[in-house]
Amino acid sequence: MSPGGREGSVEAELLTSARRFAGPMRGIVLLLVSAFGLLAVPDDATGLGWALFTLVAVGAVVDVATALTGRAAPLALVLAVARVVAVVGCQDQLGGGEPNQWALNVLTATAITVQWEWPARLAVPVAAGLLAVEVAVVDGGAGTIVVRLLVEGALARLAFTVLRRSSRRVDRLRARRTALARAEAVALARHRREREYLALLHDTASSTFLLVAVHGRDTDPEQIAGYARRDLAVLTGTAGGHTTQDSPVSLAGAVRAVAARGPLTVNVVAHNESTVPASVALAMVRAVREALANVERHAGVDAATVRVETGDGRAVVLVGDAGAGFSPDAVPTSRRGLRGSVVERLAAVGGQATVVSSPGAGTTVRLVWPRG
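Below you will find a few notes about this structure. Just so we're clear, the structure is a prediction, and the values are computed from it rather than from any experiment.

**Details of the overall build of the protein**
Tallying secondary structure elements over the protein gives 11 helices and 7 strands in all. By the burial criterion, 39% of the 372 residues in the protein qualify as buried. Look at the contacts in the protein between residues 6 or more apart in sequence, and 71% of them connect residues 24 or more apart. With an accessible surface of roughly 19,700 Å², the protein has 62% of that area assigned to carbon and sulfur atoms.

Printed below as a string of C-alpha cells:
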C-alpha cells in the first residue's frame, strides 16, 4: 500500500503506522485463534489441523516481515486470503458445528485488518469475496454471518476514514500555522530592515542635511562635501552594508577603521581583541559611527575616546567625549538620533545601548552585546 499524504505529514504517519501494525496484529491474532482451534479439532482431522496451523504461522511470519521491511505486501495479502479460504473451506472436517468458530474468527480478523492496510477499492472487494466463500460453505446461519461481517468491516473502514480525515485536518492546521509563522517572521525581518534603513539614513544624509540647515553658513563647503561623499558611499553600499554572512570578525579592527576615517581625533583602546559575529560587529560599528558623528556635530570638541573590550562571548564598547553634553530625557521622542541609530540598532542584534550625558559634562555611549 502506498502511504499516501505528504511525506512527514500526520496523514502519512497514520497510513504508515496502520500498514506497519495491522499485519503483525492479524498474524498474532490468527496464531492465537488457530492454537485454540487446533485443540478442538477431532482426532481424525489432527493432520489437517496442523497443516492449517502451519499455513497460519507462515502467513504470520510474512505479515511481521512485511511490516519490518516494507516489502512483499502483495504476498502478505495473498497469504491472508489463502488462510481464510483454507480454514473456511475445511470447516466440515474441523468439527465444532457450522459455522466453525476457528473459521469465523479467521475470516473476521482478516476482513477487519485489510481495511487498515489497503485502500477501499481493494479492501472492500477482498472482504466481500471472503464473505462469499464463507456463505458458500456454510449450510445454515449465513444471514447472521453476513450481518456480523458487514458490521465489523464497516466499523473498521469508518474508524479508519475518520482517523484519516482527522489527520488531514491536523495537517491543514499545521500548514496554516507554519504559513502564519513564516509570514510573521518575514514581516519582522522586513520591519527590522526598515528600521535599519531609517537608522542608516539618519546616520548619513539626514544628519548632513540638518548640519547644512542649522550651520550651513558657518561650515566649510569642503567639509560638507566630504560628509556628502561618505553618505553617498554608505547609502549605495560601496562603503559596506548589510551582510548575510555572520562569520566572526574583529570588532576592534572594525572600530579602528571607522574612527580613522572621520575628522575627529579618536583614541581607540582595545582589550582582548576577540571576534564577534559579523552582524553584531556591523551594528556596533554603525552605532560607534553615529556616536562619533554626534560628537563631531554637537559636542563642540575635536577628540573622543573609544574603548573596546571583547572576550568570553561578550563585547562592550564605550564612546566618550568631554564636550557640551545634553539631557537625554529632554530629547523629543520624535527625534530618532541615538535612539534610532544606536539603541534600536543594538537591540535588533540582541544587544543594549545606554547613553549617559548631562549639560557641560560630556557624553558616554555604552554598547553591550549580548544584552545584560
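**Things to note about the nonpolar core**
In this structure, Leu-251, Met-284, Leu-292, Val-306, Val-317, Val-319 and Leu-367 are the most contacted members of the largest nonpolar core, which totals 30 residues. When contributions to this core are tallied by element, the ones reaching two or more residues are helix H9 (251-261), helix H10 (278-299), strand S4 (303-311), strand S5 (314-321), helix H11 (337-348) and strand S7 (363-369). At 10 residues, the largest contribution of residues to this core is made by H10. Once you skip the residues sitting within four places of it in the chain, Leu-251 turns out to touch Ser-274, Val-276, Ala-281, Met-284, Val-285, Val-308, Thr-310, Ala-315 and Val-317. If you look at the next biggest cluster of nonpolar residues, it comprises 27 residues, including Cys-90, Leu-94, Val-106 and Leu-149.

**Describing the packing of aromatic side chains**
For the coordinates displayed, the defined rule picks out 2 aromatic pairs. For the pair Trp-50 and Phe-53, a centre-to-centre distance of 5.8 Å together with 80° between the ring planes defines the contact as edge-to-face. Note that Trp-50 and Phe-53 are positioned in helix H2 (residues 46-69) at a spacing of 3 residues, about one turn of the helix. Residue Trp-50 is classed as partly exposed on the basis of its relative accessible area of 48%.

**Overview of a nonpolar patch on the surface**
Judged by side-chain polarity, Val-147, Val-151, Leu-155, Leu-158 and Val-162 come together as a nonpolar surface patch covering roughly 450 Å² of accessible area. With respect to the helices, strands and loops of the structure, Val-162 is situated in helix H7 (residues 142-215). Overall, the relative accessible area of 45% leaves Val-162 in the partly exposed class.

**Let's talk about helix H3 (residues 73-89)**
A rise of 1.5 Å per residue sets the reference length of H3, with its 17 residues, at 24 Å; its end C-alpha atoms lie 24 Å apart and thus fit the reference within 8%. Three or more residues of H3 are buried, namely Ala-73, Ala-76, Leu-77, Leu-79, Ala-80, Arg-83, Val-84, Val-87 and Val-88. Taken end-on, H3 shows its buried residues confined to a sector of 165°, consistent with a single buried face. Within H3, the exposed residues directed more than 90 degrees away from the buried face are Pro-74 and Val-78.

**A few points about the pattern of salt bridges**
Considering all chains together, one arrives at 3 salt bridges under this definition. A single salt-bridge network, built from bridges that share partners, covers Arg-26, Asp-63, Arg-83 and Glu-117.

**A few points about the packing of H3 against helix H6 (residues 120-137)**
Running from amino to carboxyl end, H3 crosses H6 at an angle of 15°, the nearest separation of the two axes being 9 Å. Judged by the angle between their axes, H3 and H6 are roughly parallel. Here the hand of the crossing between H3 and H6 comes out right-handed. Contacts from Leu-77, Val-81, Val-84, Val-85, Val-88 and Gly-89 in H3 reach Leu-122, Val-126, Leu-130, Val-133, Glu-134 and Val-137 in H6. Residue composition of the contact of H3 with H6, grouped by class: 10 nonpolar, 1 polar and 1 charged.

Quick notes on the rules
- Throughout this description, residue numbers start from 1 for each chain and increase along the sequence as written.
- Only residues with pLDDT of 70 or above have their local features reported here, since the model is predicted, and side-chain atom pairs are shown and tallied only from 80 upward, although totals for entire chains, interfaces and linings are computed over all residues.
- Each side-chain value is worked out from all heavy atoms of the structure, with water and hydrogens disregarded.
- Here a helix means four or more residues in a row that DSSP labels H or I, a strand means two or more in a row labelled E, and each is numbered from the N terminus.
- Summary of the burial criterion: residues with accessible area below 20% of their type's maximum are buried, those above 50% are exposed, and those between are partly exposed, where the area comes from a 1.4 Å probe applied to protein chains only.
- Here a residue-residue contact requires only that any non-hydrogen atoms of the pair lie within 4.5 Å.
- The Shrake-Rupley method, run with a 1.4 Å probe sphere, supplies the accessible areas, and residue values consider only the shown protein chains as cover.
- The nonpolar core is taken to be a set of buried Ala, Val, Leu, Ile, Met, Phe, Trp, Tyr and Cys residues, with the residues joined through side-chain atoms within 4.5 Å.
- In this scheme Phe, Tyr and Trp rings, the latter by its six-membered ring, pair at centre separations within 6.5 Å, and the angle between planes marks the pair as stacked below 30 degrees, edge-to-face above 60, and tilted otherwise.
- Patch members must show over 30% relative accessible area and no salt bridge, and they are joined within 9 Å when carrying like charges or within 5 Å when they are nonpolar side chains of Val, Leu, Ile, Met, Phe, Trp or Tyr.
- Between Lys or Arg on one side and Asp or Glu on the other, a salt bridge is scored when a side-chain nitrogen of the former is within 4 Å of a carboxyl oxygen of the latter.
- In this analysis, the expected span of each helix is defined as 1.5 Å times one less than the number of residues it contains.
- Arc definition: directions from the helix axis to the C-beta atoms.
- Interaxial angles span 0 to 180 degrees and are taken between N-to-C directions of axes, which are lines fitted to C-alpha atoms, for helices over the stretch in contact.
- Here roughly perpendicular refers to angles of 65 to 115 degrees, roughly parallel to angles under 35, roughly antiparallel to angles over 145, and oblique to all remaining angles.
- Helix crossings fall into two classes, left-handed where the near helix is turned counterclockwise from the far one by less than a right angle and right-handed where it is turned clockwise.
- When residues are grouped by polarity, Ala, Val, Leu, Ile, Met, Phe, Trp, Tyr, Cys and Pro land in nonpolar, Asp, Glu, Lys and Arg in charged, and all others, Gly among them, in polar.

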